[in-house]
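Overview (structure and organization)
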Amino acid sequence: MEFFTPHLLPYFDIKIYDKWGNKTEGIQSLWATPGNMQETSACDYVMLGYPAKYISELVQDISQYVKKDTVVFDICSVKTPAVQAMIEYLPSDCHIVATHPIFWPQSGKNGIEWLKCTLSQVRVPDEKYDFLKHIFWEKMWLKIFELTPEEHDKQMAYVQGITHFIGRSLKKMNIPNAELATCSYSDLYTSSETVGYDSDELFLSIQTDNPYVWEVRKTLMQELETQNTWIENNKD
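Cut-offs used in this document
Residues numbered from 1 in each chain as written. Predicted model: local features only at pLDDT ≥ 70, side-chain atom pairs only at ≥ 80, totals over all residues. Heavy atoms only, no water. Helix = DSSP H or I, 4+ residues; strand = E, 2+ residues; numbered from the N terminus. Buried < 20%, exposed > 50% of the residue type's maximum accessible area, 1.4 Å probe, protein only. Areas by Shrake-Rupley, 256 points an atom, 1.4 Å probe, with all protein chains shown as cover. Lys, Arg positive; Asp, Glu negative; His and termini not counted. Charge placed at Lys NZ, Arg CZ, Asp CG, Glu CD. Pairing = 2+ DSSP bridges. Right-handed = clockwise from strand over helix to strand, strands pointing away. Salt bridge = Lys/Arg side-chain N within 4 Å of Asp/Glu carboxyl O. Arc of directions from axis to C-beta. Contact = heavy atoms within 4.5 Å. Expected span 1.5 Å × (residues − 1). Core = buried A, V, L, I, M, F, W, Y, C linked by side-chain atoms within 4.5 Å. Axes fitted to C-alpha atoms, helices over the stretch in contact; angles between N-to-C directions.

On to the overall build of the chain. Secondary structure assignment for the chain yields 10 helices and 7 strands. Once the C-alpha set of the chain is aligned to its principal axes, its extents read approximately 70 × 35 × 35 Å. A total of 236 residues make up the chain; the buried ones form 40% of that total. Here the chain has roughly 13700 Å² of accessible surface; of this, 53% comes from carbon and sulfur atoms. Taking the average location of the 21 positive side-chain charges in the chain and that of its 33 negative ones, the two points are 1 Å from each other.

For strand β5 (residues 95-101), the tally of buried residues reaches 7 of 7 residues, placing the bulk of the element in the interior. Across the two faces of β5 the burial is the same, with His95, Val97, Thr99 and Pro101 and Ile96, Ala98 and His100 all buried. As defined by bridge partners, strand β4 (residues 71-74) adjoins β5 across 4 bridges and the pair is classed as parallel. Looking across to β5, one finds that Val71 is bridged to His95. Between the parallel elements β4 and β5, the chain passes through helix α5 (residues 80-89) in a crossover that is right-handed.

Per the counting criterion, the structure on display carries 6 salt bridges. Ionic pairing is found between Lys133 and Glu146, a salt bridge with its closest N-O pair at 3.1 Å. In this pair, Lys133 sits in helix α6 (residues 126-139) while Glu146 sits in strand β7 (residues 143-146), placing the two residues 13 residues apart along the sequence. Salt-bridge contacts for Lys235 lead to Glu232; the nearest nitrogen and oxygen are separated by 2.7 Å.

Those residues of helix α4 (residues 52-62) that fall on the buried side of the exposure criterion are Ala52, Ile55, Leu58, Val59 and Ile62. All buried residues of α4 project into a common sector of 95 degrees when viewed along the axis, lining one side. Buried residues along α4 sit in contact with α3 (37-41), β3 (45-48), α5 and α9 (200-208).

The end-to-end C-alpha separation of helix α8 (residues 183-195) is 18 Å, in line with the 18 Å expected for 13 residues at 1.5 Å each. For α8, the elements touching its buried residues are α7 (149-173).

Ranked by size, the top nonpolar core spans 25 residues in total, and within it Phe4, Leu8, Val97, Phe136, Met140 and Leu142 carry the most contacts. Only β4, β6 (116-123) and α6 provide two or more residues apiece to this core. With 4 residues, the top contributor of residues to this core is α6. For Phe4, the residues in contact, after removing those within four places along its chain, are Met47, Ile75, Pro101, Phe103 and Trp104.

Spatially, 5 strands are ordered β3-β4-β5-β6-β7 in an open sheet, and the strand pairing comes out mixed. Two strands in the sheet have a free side with no partner beyond their single neighbour: β3 and β7. Strand after strand, the sheet turns through a mean of 25 degrees between neighbouring axes, direction not considered. Lying over the sheet, α5 contacts β3, β4, β5 and β6, oriented at roughly 160 degrees with respect to β5.

Structural measurements only, silent on function.
See the structure below:
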């Protein structure tokens, strides 16, 4: 929330609840208001900034406090399980939008204008969905892609699953910022620096919460082994 709050403050009065810690001083430094679970869940728009694996537990906890016509939207990097949990446990008279800002502090440190964000109109009237879309697109200048949760996760199995897997591996190898770097190598180095500092929790979430990543990663490992075997069989 520390990263998103300054971008949302011009358009919302923000109240923040942190389930796993008391960050009152930090929240106030963002010009937001600390709140408890009941207070924040009763807002007109409720953003869930938790990893996908915790969303089911979280929406069960807040469901008794969410008001009629409240718009609940998540910002998880994996959409299918998050949406399933929101549909199952949130009250039927509240509204649901699934979002994924495809950036984080490292990639958005120089501004978020024209960075990508996905939206899924899961269960929400057009006027409320259009308001949120208006904020993201015409106010925050994000590049909006409207996809179903399944379409999102299938694409992100490649976009995030492979990128974070390879980028983290290259970071663990400590590949150098070589002065003789080609454009292709520079892209690999940039990837390692961009995603190589992700937390273990985020990395595991990307690799295990998305139901489509395992097959993509399996295919990648098979192809790497195939290429290595071909090299060994064809060398002098």
